[in-house]
Amino acid sequence: MSREEWTLEEKVEVLEKRVAVLERILRISQILTSTLQLEPLLQIITQAATELTDTEASSIMLLDKNTGELHFEVINGVKSEEVKRITVPLEGSIAGWIVREGKPLLIPDVRQDPRFYSKVDETTHFETRSILGVPLQVKGEVIGVLEALNKKTGRGIFTQDDMHTLSTLAAHAAIAIENARLMTETQKAYEELSELDRLKSDFVAIASHELQTPLTIILGYISFLKERATGEAGEQVEIVLQSALRLRSLIDDMINLRHIETGEAELELERLSLNELVTTITAEFASLAEAKRQSIGIRLAPQPPMVEADRQKLHLVLANLLSNAIKFTPEGGRIQVEVETKGNEVWVSVRDTGIGIPPREQERIFDRFYQVEPSLTRRFEGMGLGLSIAKGMVELHGGRIWVESVEGMGSSFTFALPLLEG
Ligand SMILES: Nc1ncnc2c1ncn2[C@@H]1O[C@H](COP(=O)(O)OP(=O)(O)O)[C@@H](O)[C@H]1O
Ligand SMILES: [Mg+2]
């Protein structure tokens, strides 16, 4: 009986069935898009294919992008671990035909079809009688094949409706598979990065620890020599001492960073006036600025803002900002430090008239080891740790730090800390 001869009731019934199938595909599609792991995803797809087409089993083969071969991924309804090792040839297989043509294929009886590749049945001890196969396509490119095997009802013959249903499922499934693969790739890349990061941290930990002991000994001897040496020898000893002190501050940076990373940094809290702290530390940098003929100005808050903080750690934050300001500002420039109360916070900013920072770099300079100029060709000293330490210290205090800058005009670094109540 052709469809034209159907009664209205029959037509309605067919339509109702279709709508029901589509609703199920929609629900399956929601599950598919929320499953980002490939293995479970493929299981869900074959399960759905088996149910929707009312078959004994379903399988998925995926195309290997490198070798161009088709590999079995899953076949549900069949107990076999060996399935995964099966490669299906593109020539001389039904799946291969589907890949090459990019079209669905319906085979009522595989024994009558020369394209049938019987090796799979031999491995799985499954007897394939009929196949409905559809391509899995993403953006017009075939990534694999979804097959339903052995229709259980309707005298074992697949219908055009089955083909329609399986094709619709395949369209959703293909996108979900592609997403899962992308996710896996992203995850892999992320894990490799984390591993690199870990190696870097380990290196910093070992290097700083190993350097500390010999340097302490060197500093001990130099101090001893300095007391005795006079004249030219005295000047030479002084140069060695300054270099050794610089080395020590680099190593201190590495150790501080390590403490922040491992969460070992502890705060020794006390009541502090930021007006007082800023005045003290700025004074310590006066001679450094003078050597570059830079002027340093301070503007304090009218009411001394009090915070509960670790003096040494805030010292480190301000010292880092000030030394950067001096370092990255040409001779004759101006540096301005300001303390102001903003709501229930106190803001401390260090502004300079230096080289500035391009917009795309402004987030990254707070990363460890990050420097705007490539380290091998740099004009400036340093390891690129100062700002990441400053950020870590400020955040330990429940505060924030940020930068505003215009390239070639200057930069303004600000950190905000919660004010002590009362
Ligand atoms: N005041 C500033 N003016 C211009 N660039 C700055 C300033 N402060 C920091 N930077 C940029 O941020 C980078 C990271 O700073 P930092 O972490 O202190 O490392 P370092 O001072 O060792 O280079 C610097 O190398 C520099 O490129
Ligand atoms: Mg620095």
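Everything discussed here concerns the structure shown above.
Owing to the predicted nature of the structure, the values given are computational and were not obtained by experimental measurement.

Basis of the calculations
Residues numbered from 1 in each chain as written. Chains lettered and ligands numbered in written order. Predicted model: local features only at pLDDT ≥ 70, side-chain atom pairs only at ≥ 80, totals over all residues. Heavy atoms only, no water. Near = heavy atom within 4 Å. Polar contact = N/O pair within 3.5 Å; in protein donor to acceptor, adjacent residues only side chain to side chain. Areas by Shrake-Rupley, 256 points an atom, 1.4 Å probe, with all protein chains shown as cover. Helix = DSSP H or I, 4+ residues; strand = E, 2+ residues; numbered from the N terminus. Nonpolar A, V, L, I, M, F, W, Y, C, P; charged D, E, K, R; others polar. 1 Å grid on protein atoms, 1.4 Å probe; cavity = no way out; pocket = protein on both sides within 12 Å on 5 of 7 lines; lining within 4 Å. Points joined across faces, edges and corners; volume = space filled by probe spheres on them. Pairing = 2+ DSSP bridges. Axes fitted to C-alpha atoms, helices over the stretch in contact; angles between N-to-C directions.

## Focus on the site of ligand 1
Of all residues adjacent to ligand 1, which total 21 residues, the nearest are Asn324, Asp352, Gln371, Gly384 and Leu387. Here a nitrogen atom of ligand 1 and a side-chain polar atom of aspartate 352 are 2.8 Å apart. Measuring from a nitrogen atom of ligand 1, one finds a side-chain N or O atom of serine 411 at 3.4 Å. For ligand 1, whose free accessible area comes to 530 Å², the fraction covered by protein is 96%. Within the residue set of the shell around ligand 1, elements represented by two or more residues are α9 (311-327), α10 (386-396) and β13 (410-418). Of the residues that constitute the shell around ligand 1, the class distribution is 11 nonpolar, seven polar and three charged.

## Focus: the layout of surface pockets
Taking a probe equal in size to a water molecule and rolling it over the atoms shows the remaining empty space. Of the pockets and cavities examined, the second largest pocket occupies roughly 580 Å³. Around the second largest pocket, the lining comprises 25 residues; the ones closest to its centre are Val14, Lys17, Arg18, Val21 and Asp161. Mapped by element, the contributors of at least two residues to the lining of the second largest pocket are α1 (8-33), α2 (38-53) and α5 (160-228). For the lining of the second largest pocket, a count of residues per class yields seven nonpolar, seven polar and 11 charged.

## Here we look at the sheet that holds β13
Pairing between the strands of a sheet comes from backbone hydrogen bonds, and it takes one of two forms, parallel or antiparallel. Spatially, five strands are ordered β8-β10-β11-β13-β12 in an open sheet, and the strand pairing comes out mixed. A strand with exactly one partner marks an edge of an open sheet, and here the two such strands are β8 (295-299) and β12 (400-406). Averaged over all neighbouring strand pairs, the angle between strand axes comes to 15°, with direction disregarded. Judged from the seven bridges that link them, β12 and β13 form a sheet pairing that is antiparallel.

## Details of empty space enclosed by the protein
In the structure shown here, the tally under the stated rule is one cavity of 30 Å³ or more. Lining the largest cavity are 17 residues; nearest its centre among them are Phe116, Tyr117, Val120, Ile131 and Glu147. The set of elements that each furnish at least two residues to the lining of the largest cavity consists of β2 (70-76), α3 (94-101), α4 (119-124) and β6 (141-151). By residue number, the principal contributor to the lining of the largest cavity is α4, which donates three residues.

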